[in-house]
Structures are given as structure tokens and as C-alpha cells.
2 protein chains.
Amino acid sequence: MQKLKIGIIGGGQLGKMMTLEAKKMGFYVTVLDPTKNCPSHSISDEHIIASFDDVNAINELAAKSDVVTYEFEHIDHKALIDLENNGKKIYPTAKSLKVIQDKLTQKQALVEGGAPVGEFIEVKSIDDIIKSGESFGYPFLLKARTGGYDGKGNYIIKSHDEIQIAYESLGSGKLPLMAERYIDFLMEISVLACRTANGETAIYPVGQNHHEDNILLETKVPASISKENEEAAMKAAGLVMDIFKGVGMFCTEMFVLKDGGVLINEVAPRPHNSGHYSIEGSVTSQFENHIRAICGLPLGDTTLIRPTVMWNILGSNIQNDGKAVVDGMNESLAVQGVKVHVYGKETSKPQRKMGHLTVTAETLDLATERAKLAHSLVKIY
Amino acid sequence: MQKLKIGIIGGGQLGKMMTLEAKKMGFYVTVLDPTKNCPSHSISDEHIIASFDDVNAINELAAKSDVVTYEFEHIDHKALIDLENNGKKIYPTAKSLKVIQDKLTQKQALVEGGAPVGEFIEVKSIDDIIKSGESFGYPFLLKARTGGYDGKGNYIIKSHDEIQIAYESLGSGKLPLMAERYIDFLMEISVLACRTANGETAIYPVGQNHHEDNILLETKVPASISKENEEAAMKAAGLVMDIFKGVGMFCTEMFVLKDGGVLINEVAPRPHNSGHYSIEGSVTSQFENHIRAICGLPLGDTTLIRPTVMWNILGSNIQNDGKAVVDGMNESLAVQGVKVHVYGKETSKPQRKMGHLTVTAETLDLATERAKLAHSLVKIY
């Protein structure tokens, strides 16, 4: 084949890590991102500097590419559906994106396909929220159906008194809303799965996630769960791929319930933060398999090579008005088996995802201990 | 620290793989290479398009960089020594480069440092070649002291009758020459070693190499050698780092002798083709450790994770007057555990290094079998 051309909407860390894999295989990468010095800028062949909702720019990206993919799901799907209807390869498909990016239609599709999800209700008015409280009890969740991430767009309503403030904080009805029963989970997990247009599917082992302030902090693989829950989680992730006819890498975030079983919390139609461990931990990383899948290549082995722990490096609270500074790289890399990824974002903000680190080791305990130590030594601000 | 700036002389596959690692860690990379669309072009922050012997361009590269490195040893060392004398960090040091790039002074330094090397003689005239034949017997090797690679610049003299033609084919005295006793080896091996400016040294396990037509075809790790030879080889590679006070990744190519023991054939002061296996096979690749070493960061774990086999993908004989074409990527990637690296050189030539593939597996036999199969399925022309 001639050099394959890939277009990526979004040049953040996920776009960057996709690009690094695409370049390894010799492909041509064009990125669309509004930020001139975004993480992908210096490693892509071309960079279209434009807003994500600029339809002309999306069309230009598509014209330059054999296949178009994206690093986040909050894109106007209409432009992509038009392209898809005109025969352009958009992976994951624009039709699946449309269903997934609306958390209500996502959950409806999951229920219809027989996947395990918690109870939810469409919210059209403040009355529906009151009814949700009566039906689910307190606390329960009010969610914006679109656009939320890292807990943004979610409100945990703890009592009837909070309904009004929750409603107002989520746009007073301007945003489409849904309510969900609150899941009192034992553990948060996620499972990566990848599927080609031919239906070949590859599923990764279960990762165990630890969030703080709704932002992922740590992923440990393998997860410390029972064989039954592991099988249920991997089965659910496979079912998700069938339901959405996913093409590319998907991540299914799930809860392990206190009395056994798993429930799907959310599906992301893209490589996922909780899958970064796979770069060092797996025979084939989530980024390589995503590129393989969207390029029509067979999928790589998803075997975990060694126990692996990933920690996010979030922007610290240290004041810095200039360009982002990395401190403690030396100390952190001195810990055995540590790999530090710095995304290269120009400026740091508290809680912004600036990088991550991964440790592989002979045992999960060793990897856990070393990752925690290495994480305590490095700061970006 | 602020974003560290690395300058790389050479934007071929080694420069590209160094750059991919540097970008992972968020560093800024400027490459100097005469070819506009060289493998590093699209992934570096800046590309100075200039000849390798353009002193102004080298000075410009140094001015833009905190540290300068190179992907090949055949550079005019004078410009680098001037920069080094003016306080610029050049790693590996220009002084070590000067000694190593001349195969005679390299071997003299190795002998002086107590490293195991075969017999050699400086050749100043055709008479010295005749004396070499008398001393070493036939066959023996006539070598250009500088500039050779992949067997180029070497002549195996099988009898007295070939002396004149060998002498003429190596420049009739215009090139500095040396002669070496021919080593009737059991096996070709190489050992990667990395050293920081502080003297921290990390040594990789022994790789077993198979050359065809003087070009590396296959590297298998671990090598199938005795414990004694393994220890001798790793000790020799460590000694090489001490002798040259190497900073960065070095590769020491050695022969395992039929009656035991090892002899150093050649030292390369850079990441090496026979070390590509380390990208997938080792906890830390040769490229990451090279970047760590030249940036003053601690070295990463060199443990082999799983048995690994690497095959070069050389330009095939199929005629193609246009841009390089990759055939069989699909079939090759369908083999379990295979990773294909395509360097992205614009044009292919027979025997040109266009890419490589690596297989990791539970056993070396499985990796060997799968690598051979995958290699038979992919072609670049």
C-alpha cells in the first residue's frame, strides 16, 4: 500500500499517543486542533489550526485523509455523518458516535442490547427530577446527557432540597438531562476493547481505577476482583462492541457491585486514560490497536506482559505564569521500571492532565509501591 | 526543568526512533539532515536541512539545543570538538567519537584498556598488506579505517593474488587502512550498554546476530551461548564504556570464538540496529536510555521482558520508480506478537534498511518462528 493517511480530530495527549504509534508504522498524520502548540503539533505531518466545530476544517481534514478518527466524543456528529454518508471512512463510525455521545441514547442502546446498566430516567422537567428522587431514593445522580467529562456535568443530589440547585447548575433545562440511580460500588474498573470493521474483536484484561475529585488518579492491572466479576466485565466490554458495531478502541467503565456483578457506567468510543497502562504493560498498546483497527489492519495481542500501574500527573497548585515546568523527572525516573510521559501542553493548570507515569514489575504490589513513590517525586506546574 | 532541547545530527531511522522517545518525555527536538522528507522530518520540532559536513549548520543546531547527539559516527569530529571545548554538551563526547570513528585508534584504545580484540596492523603501504598476509595467513581483512558500514570499506583477501585489487578497491592508499586477522567465529553477538556522564552504567543482555551480505538480518535475544561467554561479553561491553567514558548508548559487536571466549569486532557510539529488539523486548529501549543518558537522567531497567526476535526489512528487488510501497503489512501483523516499524524513507532501494519487525513471545523458539513467518509476508519496494 501507499503511505496511509490518517486524520485525527484533537491534538491533545490521546491524539499525540495515537500519532506516535501511527508514525512508528510509517503513516501520514494530519491533526485538527485549535491550539497551535498542542501536544500533537510537532509530531504530525500537518496541523489544521481550527475550532472543532469548524465544518470546513473537518471537511479539509477528511479530504487529506484516508480515514478520520477523533480523540474525544464531544464533536458535532452532523459533519461526520455527512462525510460518512458520502463514503468517507470515519472510525469509530459517526452513527455510533451519535448514539454514544448522548448518555441517554447510549444507555438505551446498552439496555436494548442486553448489557448490564443501572436504572436511569430521561429528565424533561424539574418534575422528572422529583420523580427520580421518589423512585431511586437519595442520593441519586442528575447528569447532562452530552458534553460531560471527569465528573463535569454530573450532580449528586443528596436530598429533595438540592433538586432546584442541581437543576440550575446543569442549565435549568437548557441542556438535555437524565437521572440515574446512585450505585454504591465496591470498585471502579474499566475494560478496553478494540474491533475492526470486519468484526475482529480484541479485549484487554480488567483495569482497576481509583478516582479522586472525579479525575482518574491510578489504574492497576490486573484488577483485584473475582474470576466471576472479571468474566462478567470482559463479556460486557465485548457486548458493547457488538451493540455499537464499534470500529477502533473503546473503553467501557464499570462498577463492581458490593454483592457481586458489574454495571456499565459509561462507554468512551476512543482510547482512554485508564488504558495508558497498555503502552508498557501490554504486548499491543491501546493506541497501536486503535490505529490498526481504523486502518483495516489485524489487531495485536492484548496480553498483559507484567503487572502494571499507571498514575496520572495532574497540574500542581504551584503558581507559574509562564510555560509548564516539569520538576523531579530525575528523581522519578530513578525508581525502577518507571516511564514518565510528558504531554507537552504549553501551560499547566491545577488538576489538568499534564502527563502520566507507568510502572511494570514482577508483582502488582511492587508496581503499586514504585508507582506511588515515583508519582510523589514528580510535579508539573 | 524547562522543556529540554535536544539536537540530533541525522534524521534516519535511528534519529527517528530517538525522536519518538524524546517526544514521549516532552522534549524539544531539532534534527539536522540533508533530506527534506527524512524519517525524522515530520516528528521533530525543527529540521535544519543541510549537509552533515556543513559546520555552520552544526553550529546552528548546537545553538538551538541544550545537548547534541548523532545517529551515526561518520561525522567530521572537528566541529563537534570545537563546540565541546566551548562548553556545549555533545554526547557521546566529541573526543570519544574521534577515537572511535577511526577503527585503528578504536582498537588501539581497546587493547590499551584491556578489552579482548583480535590482532590488527596499521597499513601505510602495499608492503604492509603483504606483511599482514605473512603474519595472519589467508584469508585476512583489509579495512578502511574510517567511513565503513554494513561491510562497505572491508575486503576479505583470500590469497596473495588479491592484495593489489583489494588495495585499489579501498582507494590505493588514499584512505587510511588497517589489516586484521580473520576470525573464524562460532557466532556474532552484540551487547548494548548505556552510561551517563556521572558514570552510571546499564548493560543489556546479549543479542545473537545473523548477517547476510554483511547486512544485519536477524537479532535474537537471549543469545544461545554459554554462561561463561555471556558473562565475558557483558563484561567486555562494560569495559568499553569505561575505556571511552561513553555517554549515551553504545553497541559492542563481538565474535564468540569456536574454542570459547569473545573478541570485540567493532564499537558503535550510538543506538544500534541490533538493539531495535529492545523497543518491545526490554523494560527500557535503547532509544529511551540514550535520551535519558544524554539528558542527564537516570537510566532505565534493561531487563528483557520476554524472548524477542528482530528482523530487518530491507528494500526488495521489485522495481518501483515512485515512492516506497509497503506490501503485506496486513498479513505480517496478523502473526501473533508482531510489531512492524516502517521508517518512512521516501524511496526504496534493494538492500536499503526500510523498516524492521519485532516479535516477543513466551519462548525464543516461538518468537523465532513467528518473526521468520512475519518477515516472509511483508515487502517494501
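So, how was this worked out
Residues numbered from 1 in each chain as written. Chains lettered and ligands numbered in written order. Predicted model: local features only at pLDDT ≥ 70, side-chain atom pairs only at ≥ 80, totals over all residues. Heavy atoms only, no water. Phe/Tyr/Trp six-rings, centres within 6.5 Å; stacked < 30°, edge-to-face > 60°. Lys NZ or Arg CZ within 6 Å of the ring centre and 35° of its normal. Helix = DSSP H or I, 4+ residues; strand = E, 2+ residues; numbered from the N terminus. Buried < 20%, exposed > 50% of the residue type's maximum accessible area, 1.4 Å probe, protein only. Contact = heavy atoms within 4.5 Å. Pairing = 2+ DSSP bridges. Axes fitted to C-alpha atoms, helices over the stretch in contact; angles between N-to-C directions. Salt bridge = Lys/Arg side-chain N within 4 Å of Asp/Glu carboxyl O.

Draft legend 1. Seen up close, the packing of aromatic side chains. All names here are of chain A. Applying the stated criterion across every chain yields a total of 8 aromatic pairs over all chains. Aromatic ring contacts, followed pair by pair, group Phe 136, Tyr 138 and Phe 140 into a single cluster. Taking NZ or CZ as reference, Lys 5 lies 4.6 Å from the ring centre of Tyr 28, over its face.

Draft legend 2. A look at the side chain of A:Asn289. Residues and elements named next belong to chain A. Tracing the chain through its elements places Asn 289 in helix H10 (residues 286–294). The class of Asn 289 is buried, set by a relative accessible area of 0%. Excluding residues within four positions of it along the chain, Asn 289 makes contact with Cys 194, Tyr 204, Met 249, Thr 284, Leu 299, Gly 300 and Thr 302.

Draft legend 3. Layout of the sheet that holds strand E6 (residues 120–123) of chain B. All names here are of chain B. Read across the open sheet, the 4 strands follow the order E6-E9-E7-E8; overall the sheet is antiparallel. In this open sheet, the two strands that pair with only one neighbour each are E6 and strand E8 (154–157). Going across the sheet, the axis of each strand differs from the next one's by a mean of 25°, ignoring polarity. In the packing of helix H5 (residues 103–112) onto the sheet, the strands contacted are E6, strand E7 (140–144), E8 and strand E9 (177–181), and the crossing angle to E6 comes to about 145°. Strands E6, E7, E8 and E9 of the sheet are contacted by helix H6 (residues 126–136), whose axis makes an angle of about 165° with E6.

Draft legend 4. Representation of the pattern of salt bridges within the structure. For the structure on display, the rule yields 42 salt bridges over all chains. Here B:Lys95 makes a salt bridge to B:Glu84, at a shortest N to O gap of 3.1 Å. Pair noted here: B:Lys95 is in helix H4 (residues 94–101) and B:Glu84 is in helix H3 (residues 77–85), with a separation of 11 residues, a long-range link. The class of B:Lys95 is partly exposed, set by a relative accessible area of 45%. Taken together, the shared-partner salt bridges connect A:Glu21, A:Lys24, A:Glu288, A:Arg292 and B:Lys339 into one network.

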